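# Geometric and topological summary
Single-letter residue listing:
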Amino acid sequence: MIPACRLADLPRGEAHRLDTDPPVSVFHTDEGELFAIDDTCTHQDASLADGWLEGCEVECPLHASKFDLRTGAVDSPPAKLAVRTHEVVVEEGVIQVRLSAAAPNPPPCVAARLAGGPG
Amino acid sequence: MVGASLAGLSAARSLRRQGFDGRLVVIGDELHRPYDRPPLSKEFLAGTLGEADLALETDDEDLRAQWLLGARATGLDRAERAVRLADGREVRADGIVIATGAVARTLPGSGSLAGVHTLRTLDDARALREELASGGRLVVIGGGFIGAEVASTAHALGLDVTIVEAAPTPLAGPIGAAMGGIVSTLHGDHGVRLLCGVGVKGLRGDERSGTRVSPDGARGRVDAVLLEDGRSISADIVVVGVGARPCVEWLEGSGVELDNGVKCGADGRTSLAGVVAVGDCANWYDPRAGAHRRVEHWTGARERPDAAVATLLAGGAVEPGVPRPPYFWSDQYGVKIQFAGYAAAADSVAIEAGTADDRDVLAVYRRAGVPVAVLGMNQPRLFTRWRKQLAAAGS
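Bear in mind the structure is a predicted one, so any value in this text is a computation, not a measurement. (Residues numbered from 1 in each chain as written. Chains lettered and ligands numbered in written order. Predicted model: local features only at pLDDT ≥ 70, side-chain atom pairs only at ≥ 80, totals over all residues.)

### Focus on unusual backbone geometry
In this model, Asp21 of chain A is joined to Pro22 of chain A through a cis peptide bond whose omega is -5°. Its place among the elements puts Pro22 of chain A in the loop between strand 2 (14-18) and strand 3 (24-28). At Ala64 of chain A, a residue that is not glycine, the phi angle is positive and equals roughly 70°. Here Ala64 of chain A shows up in the loop between strand 6 (57-59) and strand 7 (66-68). For Ala64 of chain A, a count of 23 C-beta atoms within 10 Å puts it in the buried group. Phi angles above zero are rare outside glycine, and Asn378 of chain B is one such case at about 50°. Here Asn378 of chain B is to be found in the loop between strand 25 (370-377) and helix 11 (380-394). (Helix = DSSP H or I, 4+ residues; strand = E, 2+ residues; numbered from the N terminus. Buried ≥ 20, exposed ≤ 12 C-beta atoms within 10 Å, placed from the backbone.)

If you want it as structure tokens, here you go:
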């Protein structure tokens, strides 16, 4: 489990990005639910925590791909690959994330950087 | 579905999602399955994305559609409700979605010179990419978004680039003169020459080959762009980026009312029952603007088919929602440029975060104090907050 932040410090409609590798974000929906998904859009290098949160869906801040926070599935292109979802629990007022063991789907530009080593 | 690009594909998906279970025919004049156009002037042109990356369909997607690709629509028969194709075939339908898009405008008389390009389709991008690979001097005619993106990509590929823009400031139409001036400083920052306020008189062909006519009718290869003030700029490659016009000639005389594209209501309906139009060819009534607006943005082609398909399936019985403000983006020299709303409606524009010197402005456009548009340069987080706020304010 990785501690994210205090629930009280994450208002509804906001997201909190964890400095993990790859980064993960916790979303607090307007309806009060918490979801954690990979933070990087699978289309291009953009932070979904900066995106447009609406219902159980987040729209990438750059190219408007939409992801379902519950499943990680793509609801709208240009992205084609899902983001991973991660388990979220709240313990003593602190949001905790259990990272998925699945392989992430980084966008081509990030995948190329990873393949090319550091830098 | 007449048109097999983003708007046509989005309409096909909407139809299936909204429960349409009947026969679906998608007609496309290009031979390619639906692909994403924005990367054509950026990552695809730069060689960092391949053709497979451009596909809009996912591997496991099955829309149960019949695809007629490489088939150009030449007419719409109102009585039969049928679409006529260039090869003589006819496709009858109960409902028709017009999504024929737009084509790049050209310069009169420039078509037959080798080395002169427009950029709209995958085939255009392949041809330009091949030419850019041999380097040299590129002149881009038009300082709009396509021109600026091609200049940025070509500069990164090592070409010597000059942009010629007829208006005093590039991008004044879409984002206003003040911000157009700031965004277009990116060219100078990177050593790309930007000539403004001067029109193009014509293109000059290569002297040596100019008298020879090749089998395809070409009059040799371009070697200079001639400006109206008498200057000439040497060029090995020319890209003409002077906008696009809607592909609606095929509808003339069909009974579908045309006015800067297909004239549509706020729900995509045309003047013919059972016919809707979406994407770059469609001039929708925009209740926010109180006027018809033909929007050539990716997001419009993606979002509006949902409403148009609902209209088609309900036979016009649905109340259209207020659409989000128009949104587009551009990437130039590594800077993410984003814009939402209506620049032309504004009477003031103020930089709310970042600075012009740092090329990271977040600018808000207002009319009588009310925000009507927002521009961001490398400000995705703040920009999205403003964009969301604009949408909430108008709905």
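### Examining the interface of chain B and chain A
Contacts between the two partners involve 15 residues from chain B, matched on the other side by 14 residues from chain A. Among the elements of the structure, helix 10 (298-314) and helix 11 of chain B are those that each provide at least two residues to the side of chain B that touches chain A. The biggest single contributor to the side of chain B that touches chain A is helix 11 of chain B, with five residues. Here the side of chain B that touches chain A is built from residues that sort into five nonpolar, four polar and six charged. (Contact = placed C-beta atoms within 7 Å. Nonpolar A, V, L, I, M, F, W, Y, C, P; charged D, E, K, R; others polar.)

### Concerning the environment of Gly158 of chain B
Along the chain, Gly158 of chain B turns up in the loop between helix 5 (145-156) and strand 10 (160-165). Sequence spacing of Gly158 of chain B and Thr270 of chain B is 112 residues, and the spatial spacing of their C-alpha atoms is 47 Å.

### Some details on the sheet that holds strand 4 (residues 34-38) of chain A
For sheets, the rule is that strands pair by backbone hydrogen bonds, running either parallel or antiparallel. Residues and elements named next belong to chain A. As summarised here, the arrangement of the six strands in space is 1-10-9-4-3-2, forming an open sheet in which the pairing is antiparallel. Since the sheet does not close on itself, it has two edges, and those belong to strand 1 (2-6) and strand 2, each with one partner. In this sheet, neighbouring strand axes are inclined to one another by 30° on average, regardless of whether the strands run parallel or antiparallel. Here five bridges tie strand 9 (residues 85-91) to strand 10 (residues 94-98), and the two strands are oriented antiparallel to one another. Residue pairing across strands places Glu87 opposite Arg98, the latter belonging to strand 10. (Pairing = 2+ DSSP bridges. Axes fitted to C-alpha atoms, helices over the stretch in contact; angles between N-to-C directions.)

### Side note on the nonpolar core
Judged by nonpolar contacts, the single largest core of 78 residues is most densely connected at Ala11, Ile27, Val97, Val238, Val239 and Val278 of chain B. For this core, the domains that each give at least three residues are domain 1 (6-103 + 244-314) and domain 2 (106-240) of chain B. Apart from residues no more than four positions distant in its own chain, Val238 of chain B is found in contact with Gly115, Val116, His117, Val139, Ile141, Leu203, Val222 and Val225 of chain B. Ranked by size, the runner-up nonpolar core spans 54 residues in total, among them Ala64, Ala79 and Ile95 of chain A together with Ala373 of chain B. (Core = buried A, V, L, I, M, F, W, Y, C linked by C-beta atoms within 7 Å. Domains from an automatic or database assignment.)

### Comments concerning helix 4 (residues 122-132) of chain B
All names here are of chain B. Here helix 4 has its buried residues at Ala125, Leu128 and Leu132. For helix 4, the buried positions fall inside an angular range of 70° around the axis, keeping them on one side. Opposite the buried face of helix 4, by more than 90 degrees, sit the exposed residues Asp123 and Glu130. Each element contacted by the buried residues of helix 4 is listed here: helix 2 (43-46), strand 8 (116-117), helix 5 and strand 15 (237-240). (Arc of directions from axis to C-beta.)

### What about helix 5 of chain B?
Residues and elements named next belong to chain B. Relative to the 16 Å expected for twelve residues at 1.5 Å per residue, helix 5 spans 16 Å between its end C-alpha atoms, a close match to the ideal helical length. With ten of twelve residues buried, helix 5 lies mostly within the body of the structure. Of the positions making up helix 5, those classed as buried are Phe145, Ile146, Gly147, Ala148, Glu149, Val150, Ala151, Ser152, Thr153 and Ala154. Directly after helix 5, the chain includes Gly158, whose backbone phi takes a positive value near 100°. (Expected span 1.5 Å × (residues − 1).)

### Thoughts on the domain arrangement of chain B
With domains assigned, chain B is organised as domain 1 (6-103 + 244-314), domain 2 (106-240) and domain 3 (334-394). Computed over C-alpha atoms, the centres of domain 1 of chain B and domain 3 of chain B are 30 Å apart.

### Remarks on the sheet that holds strand 17 (residues 262-264) of chain B
All names here are of chain B. In spatial order, the strands read 17-19-20; together these three strands make up an open sheet with mixed pairing. Each of the sheet's edge strands pairs with one partner strand only, and the pair in question is strand 17 and strand 20 (291-294). Taking each pair of neighbouring strands and ignoring which way they run, the sheet shows an average axis angle of 30°. The sheet contact formed by strand 17 and strand 19 (residues 282-286) spans three bridges and is parallel. By the bridge assignment for strand 19, Val262 is matched with Ala282.

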